[in-house]
Amino acid sequence: MAPLGEVITQSLETHARPPGVAVKPGGRFLPLARYRHPGDAIRLILAGLVLAGAAAVTVVTHATYAGASAVAVTAVAPSTGAGRVLAGLVQVLFVVGAVTAIAVTLRHRRFRLLASLAGVAIVAGAVVAGIVLLAGGMRPRALAAGAGQWPWLTGASLAGPALLAAAVAGVVAAAPWLSRPWRRTAWAALWLAAVVRLITGTASPVEVVVAFAAGVTVGAGALVLFGVPDRRIGPGGIAAALASAGLPVAHVEPAAVAAKGSRPFTAVAGDGERLFIKVLGSDQRDADLLYRAYRFLRLRDVGDTRPAASLIQAVEHQALAAVMAERAGVTVPAVRQVIKTADRSALLAMERVNGSSLDRIPDQDISDTMLRELWKQVDGLHQAAIAHRSLRAANIVVDRAGRPWIVDFSFSELGATPRQMALDVAELLASLAALIGASRAVGSAAAVIGPDGIAAAVPLLQPLALSAGTRRAIARHDGLLTRTRTAAAAASGREDQELARIQRVRPRTLLAIAAAAGAFYYLLPQLAQVPSSWHAILSADWAWLPLVIALSALTYLASAVALMGAVLPRIQFWPTVLAQAASSFVNRVSPANVGGMALNARYLQKSGVDTSSGVAAVGVNSLVGAIVHLVLIVVFFAWAGHGLSNAFKLPSTSKLLLILAVVMAVIGIVLATRPGRRFAVGKLIPGLKSAATSLQRVGQKPGKMLMLFGGSAAITLAYIGGLAASIQAFGGGPGIILIGAVYLGAATIAAAAPSPGGLGAIEAALIAGLTAVGMHAGPAVSAVLLYRLATYWLPIAPGWLSWRTLLRRDYV
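Description of the structure in this document. The structure displayed is predicted, hence computed values, not measured ones.

So, how was this worked out
- Residues numbered from 1 in each chain as written.
- Predicted model: local features only at pLDDT ≥ 70, side-chain atom pairs only at ≥ 80, totals over all residues.
- Heavy atoms only, no water.
- Helix = DSSP H or I, 4+ residues; strand = E, 2+ residues; numbered from the N terminus.
- Buried < 20%, exposed > 50% of the residue type's maximum accessible area, 1.4 Å probe, protein only.
- Contact = heavy atoms within 4.5 Å.
- Areas by Shrake-Rupley, 256 points an atom, 1.4 Å probe, with all protein chains shown as cover.
- Salt bridge = Lys/Arg side-chain N within 4 Å of Asp/Glu carboxyl O.
- Pairing = 2+ DSSP bridges.
- Axes fitted to C-alpha atoms, helices over the stretch in contact; angles between N-to-C directions.
- Phe/Tyr/Trp six-rings, centres within 6.5 Å; stacked < 30°, edge-to-face > 60°.
- Lys NZ or Arg CZ within 6 Å of the ring centre and 35° of its normal.
- Parallel < 35°, antiparallel > 145°, perpendicular 65-115°, else oblique.
- Left-handed = near helix turned anticlockwise from the far one by under 90°.
- Nonpolar A, V, L, I, M, F, W, Y, C, P; charged D, E, K, R; others polar.
- Expected span 1.5 Å × (residues − 1).
- Core = buried A, V, L, I, M, F, W, Y, C linked by side-chain atoms within 4.5 Å.

1. A short note on the overall build of the protein chain
For step 1, the next point in the chain: Looking only at helices and strands, one finds 28 helices and 14 strands in the protein chain.
For step 2, the next point in the chain: In the protein chain, buried positions account for 47% of the 812 residues.
For step 3, the next point in the chain: Here the contacts in the protein chain between residues at least 6 apart in sequence split such that 74% fall between residues at least 24 apart.
For step 4, the next point in the chain: Total accessible area on the protein chain stands at roughly 38,800 Å², and carbon and sulfur atoms take up 65% of it.

See the structure below:
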C-alpha cells in the first residue's frame with residue numbers, strides 16, 4: 001500500500017499549476033489544479049457508442065447473448081479445483097483493490113477523490129445490472145449450480161458483470177492520479193478478471209463487453225464533468241526545454257491572449273528579444289481530432305484535411321507554413337525554434353509582435369491604409385498557394401506602426417485549393433464586417449483582390465463556413481452577414497450566385513430518419529404479432545439471402561447502364577457503377593432522390609460531359625425510369641387480373657374524372673399566379689424541352705436507346721426479383737406476377753413520401769399489398785424486413801465507400 005500511496009501523493013502534489021483559472025461554460029470556475037482533457041471526451045464518445053451497440057444487441061435479441069439464457073464460453077468448469085482457484089483469485093483481487101483504494105485516499109484525506117470513485121462505481125454497476133436485467137436475467141445458466149454454496153470470498157457469484165463494470169469505472173476515474181506503471185497494472189488485473197470470467201463460464205462475452213464499455217463511459221464521463229489534475233508543462237519546464245535547445249530565456253509567463261489549438265506563453269531571451277511560445281500537448285491534439293471529426297460529419301467541401309501524424313509534425317507544419325509565407329513577402333512573425341520536450345509536448349518559438357490583435361482595436365482607429373495593407377498580405381499569401389484557414393481579426397496583429405501581421409498558422413495549408421483560399425476571403429470579410437461594417441469591409445477587399453477574388457467567396461458567406469469566433473462576432477449585428485453577402489455580390493458583379501452547400505446532413509434529418517426507422521421497425525412487428533424485427537429476420541431460410549443481395553447489387557449495374565445510355569459521349573463503366581452506389585448513399589439523407597441526381601450530374605461533368613448535357617441526361621434518365629415504371633404497371637396489373645382486386649381498388653370512372661378535373665383546376669390556378677408562371681416559364685418548360693431534346697439525340701443511336709430503356713427496366717425487375725426471393729425465404733407466397741404488381745403499386749405510392757428512400761412508406765405499402773393478395777401478416781412483415789435490409793440498409797456502407805472513392809479519385 002505504501003508504494004501506491006507515494007504514487008498518489010506525488011501525483012497530487014507535484015503536478016504543474018495551470019497558467020490561469022479554467023472556466024466552465026456558463027461562468028462556473030474549476031479548481032486551479034484541474035482541467036478538462038479532450039481525450040476523456042473521446043473515450044466517453046467511443047465507449048458510449050460501444051455501450052449503446054452492445055446494450056441494443058443484448059436487449060433486442062432478448063437475452064440471446066447476455067442474461068440468464070446466454071450461452072457461456074467454458075474452458076475451465078467453475079466447479080473444478082482449477083475453476084475455484086481462478087474464481088477465488090479474482091475475488092481476492094477485487095477486494096484487495098477496493099480496500100487499498102479506500103485506505104490510501106483516506107490516509108491522504110482525498111475525500112473528494114474517494115467520493116468520486118465510489119460514485120462512478122455505483123453508477124457503472126447499476127447501469128450494467130439494469131441492462132442485464134432487461135435482457136432477461138442476471139447471470140448465465142452455465143454458472144455451476146453449487147457455486148452459491150462456496151465461501152463468499154471464493155464464490156463465483158460475487159464478481160459479476162456489475163462489479164466488473166464498477167472496477168473498470170474506478171480505474172478510469174483514478175487513472176489521472178496514477179503513474180503509468182500503476183495504470184498498466186490496474187488494467188492488466190481487469191483484463192485478467194475478464195478472461196477468468198469468460199473461461200470459467202461465469203460471464204458471457206457480451207456481458208464482458210457491456211461491463212467494460214459501461215465502466216469506461218461512466219469513468220470518462222466523471223473526468224469530463226469534474227476535470228483531471230493538470231500536469232502539463234509549465235513555465236519552468238518551457239524555460240528548461242528552450243535552454244536545452246540552445247535558446248536560453250530569462251523569464252517565461254503565460255500570454256494574456258486567447259489561443260486556439262495551443263497554450264500561449266511569452267518569454268524574454270538572454271539578449272533581450274521578446275518571444276512568443278506556442279505549446280502543443282496531447283490535450284490540444286485530442287481537441288483537434290474531435291474538432292475535425294465533428295466537421296467531417298457535419299460539413300463537406302470546406303477544405304479540411306487529415307490531421308498531422310504527431311504533435312511534432314503539426315508544429316513543424318506550422319513553422320514551415322510561416323517560413324514559406326515570410327519567403328513570399330507576407331508580414332509574419334519569424335520562426336526561431338521547434339522543440340520537442342521530455343513530456344512529449346512540442347514547442348514553437350517565434351518572434352513576438354509588439355502590438356494588439358485587430359479585434360481589440362476601436363473601429364475608428366482602423367484606417368483604410370491598414371485595410372489595404374492587410375488585403376495585400378492576404379493576396380500575397382494566396383499567390384504563394386497558402387491558405388491560412390483561420391483568417392479572422394483575432395489572428396491579425398497590428399504593431400505600433402499600424403502595420404498588420406498575420407499570425408497563427410495552426411490550420412494552414414500549403415498548395416491550397418481555390419476553395420480553401422475562397423474560405424479565407426469569406427472569413428476575413430465577415431470578421432472585418434463585424435468591426436467596420438459590410439460596405440467598408442467589402443470595399444477594402446475589392447480595391448486589392450478585385451471582383452474575381454470576392455466572387456469566389458460570396459457563396460461561402462454563410463454561418464457554417466465561418467469559424468465559431470466570427471459567427472459570434474457577426475451574430476451581434478442583426479442581418480450583418482446578409483448585408484455583407486449582398487455587398488460582396490454587388491462588388492463582384494455576380495448577384496445571382498447561390499449559397500454553396502457545405503452541410504453534409506442536417507442533424508434533424510438524422511434524428512428524423514432514426515426516429516422513423518426505429519419506430520417503424522419496432523412497431524410493425526408488434527402489429528403483425530411477430531416477436532421482433534431481428535427475430536423475424538432470424539427465422540428466414542438464409543439460402544435465399546445471397547440471391548436477394550445479388551439482385552440488389554444488379555440494380556446498381558443496371559442503373560450505370562441506363563445512365564451511360566442517357567449521354568452521347570462514352571464514359572467508363574465501373575466508375576459509373578461507383579457513382580450509382582454513391583448516389584444511393586446520398587439519397588439516404590435526401591428526399592425524392594435529389595442528392596443522387598445532383599451527384600450524377602457532377603459525375604458526368606467531371607467525366608467530360610458538358611454541364612447542360614449532364615443535367616439533361618440525368619433528367620432524361622429519371623423521365624425514362626418513370627415511363628418504364630408506368631409501362632410495367634400496366635403490364636403487371638393487366639397480367640395479374642382480378643388477383644389485385646383486394647390489394648388495389650381503383651375508384652369509379654366518374655370519380656376518376658372528378659379527381660382529374662380537380663387536379664387540372666389546381667394546376668390552372670397555380671399557373672395563373674405570378675410565381676406559378678415564373679416557375680413554369682423559368683424552370684418547368686425549359687427542363688422539359690431540354691429533356692426532350694436529349695431524348696431525341698439519344699434516340700438517333702439505337703444502342704444508347706437500348707441501354708437507357710433496358711437498364712431502367714432491369715432496375716425495376718431486379719427489385720421485383722429481390723422481393724420475390726425474400727418472400728420465398730419465409731415459405732413463399734403469391735406468384736411473381738402478383739408480387740411484381742404489388743411492388744410497382746407500392747413503389748408508386750411511396751414515391752410521394754417525403755422521407756429518404758421512401759422509408760416507412762414503402763414498407764407499409766408492400767405489407768398492405770402482400771397481405772391483401774392473400775399472404776399472412778407475419779411472413780409478409782418478415783419478408784419485407786429482409787427485403788429492405790438487403791436493398792436499403794446493407795448498401796449504405798458500400799455506398800459510403802464508393803462516395804469516398806469518387807472523391808479520392810476526383811470523379812465528383
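Next, the rest of the story.
2. Remarks on the pattern of salt bridges
For step 1, the next point in the chain: Counted according to the given criterion, the structure contains nine salt bridges.
For step 2, the next point in the chain: A salt bridge links R403 to D399; its shortest N-O distance comes to 3.3 Å.
For step 3, the next point in the chain: In this structure, the salt-bridge partner of E763 is R788, at a minimum N-O distance of 2.8 Å. Of this pair, E763 sits in helix 26 (residues 761-772) while R788 sits in helix 27 (residues 777-793), placing them 25 residues apart in sequence. Pair check on accessibility: E763 and R788 agree, each one buried.
For step 4, the next point in the chain: Each of D230, R232 and D283 takes part in one network of salt bridges that share partners.

3. Some words on the sheet that holds strand 6 (residues 263-269)
For step 1, the next point in the chain: Strand order in the open sheet made by the five strands is 5-6-7-9-8, with antiparallel pairing throughout. At either margin of the open sheet sits one strand with a lone partner, and together these are strand 5 (249-254) and strand 8 (335-340). Between one strand axis and the next, the sheet turns by 25° as a mean value, whatever way the strands run.
For step 2, the next point in the chain: Two strands pair when backbone bridges link them, and strand 8 and strand 9 (residues 346-351) are joined in this way by five bridges, in the antiparallel orientation. Within strand 9, the position partnered with V335 by the bridge is M350.

4. As for the packing of aromatic side chains
For step 1, the next point in the chain: The full count for this structure, using the stated rule, is seven aromatic pairs.
For step 2, the next point in the chain: Judged by centre distance (6.4 Å) and plane angle (55°), the ring pair of Y603 and Y811 falls under tilted. Taken together, the residues Y603 in helix 20 (residues 594-606) and Y811 in the segment after helix 28 (796-808) connect sequence positions 208 residues apart.
For step 3, the next point in the chain: Here the guanidinium or amino end of R232 rests over the ring plane of Y35, the centre of that ring lying 3.9 Å away.

5. Considering the packing of helix 19 (residues 573-587) against helix 28
For step 1, the next point in the chain: As a packed pair, helix 19 and helix 28 sit with axes 7 Å apart at the nearest point and diverge in direction by 125°. Between helix 19 and helix 28, the angle is such that the two are oblique. Crossing geometry of helix 19 relative to helix 28 is assigned as left-handed. Each of P575, L578, A579, A581, A582 and F585 in helix 19 lies in contact with helix 28, whose residues at this interface are I796, G799, W800, S802, W803, T805 and L806.
For step 2, the next point in the chain: Its residues placed into classes, the contact of helix 19 with helix 28 shows 10 nonpolar, three polar and no charged.

6. A closer look at helix 10 (residues 311-327)
For step 1, the next point in the chain: Under the 1.5 Å per step criterion, the end-to-end length of helix 10 is 24 Å for 17 residues, consistent within 8% with the ideal 24 Å.
For step 2, the next point in the chain: Looking only at helix 10, the buried set comprises L311, I312, A314, V315, Q318, A319, A321, A322 and A325.

7. Observations regarding the nonpolar core
For step 1, the next point in the chain: One finds L599, L604, Y743 and L766 to be the most contacted residues of the largest nonpolar core, which totals 58 residues.
For step 2, the next point in the chain: The element contributing the most residues to this core is helix 25 (residues 736-750), with 10 residues.
For step 3, the next point in the chain: The contacts of L599, once residues within four sequence positions are left out, are A579, A582, S583, V586, W803, L806 and V812.

8. So, the sheet that holds strand 13 (residues 404-406)
Adjacent strands of a sheet form backbone hydrogen bonds with each other and so pair up, either parallel or antiparallel.
For step 1, the next point in the chain: Taken in spatial order, the three strands of this open sheet run 10-12-13, and their pairing is antiparallel. Looking along the sheet, the strands with just one partner apiece sit at the ends: strand 10 (355-357) and strand 13. The sheet shows a mean angle of 30° between the axes of neighbouring strands, taken without regard to direction.
For step 2, the next point in the chain: Note that strand 10 and strand 12 (residues 396-399) share three bridges and pair antiparallel. Within the sheet, the bridge partner assigned to S356 lies in strand 12 and is V398.
For step 3, the next point in the chain: Packing of helix 11 (residues 368-383) onto the sheet brings it into contact with strand 12 and strand 13, and relative to strand 13 it is tilted by some 25°.

9. Description of helix 25
For step 1, the next point in the chain: Counted at 1.5 Å a residue, the expected span for helix 25 with its 15 residues is 21 Å, and the 21 Å between its end C-alpha atoms agrees.
For step 2, the next point in the chain: With 12 of its 15 residues buried, helix 25 lies for the most part within the structure.
For step 3, the next point in the chain: Structurally, helix 25 contributes buried residues whose contacts are with helix 21 (611-640), helix 24 (702-728), helix 26 and helix 27.

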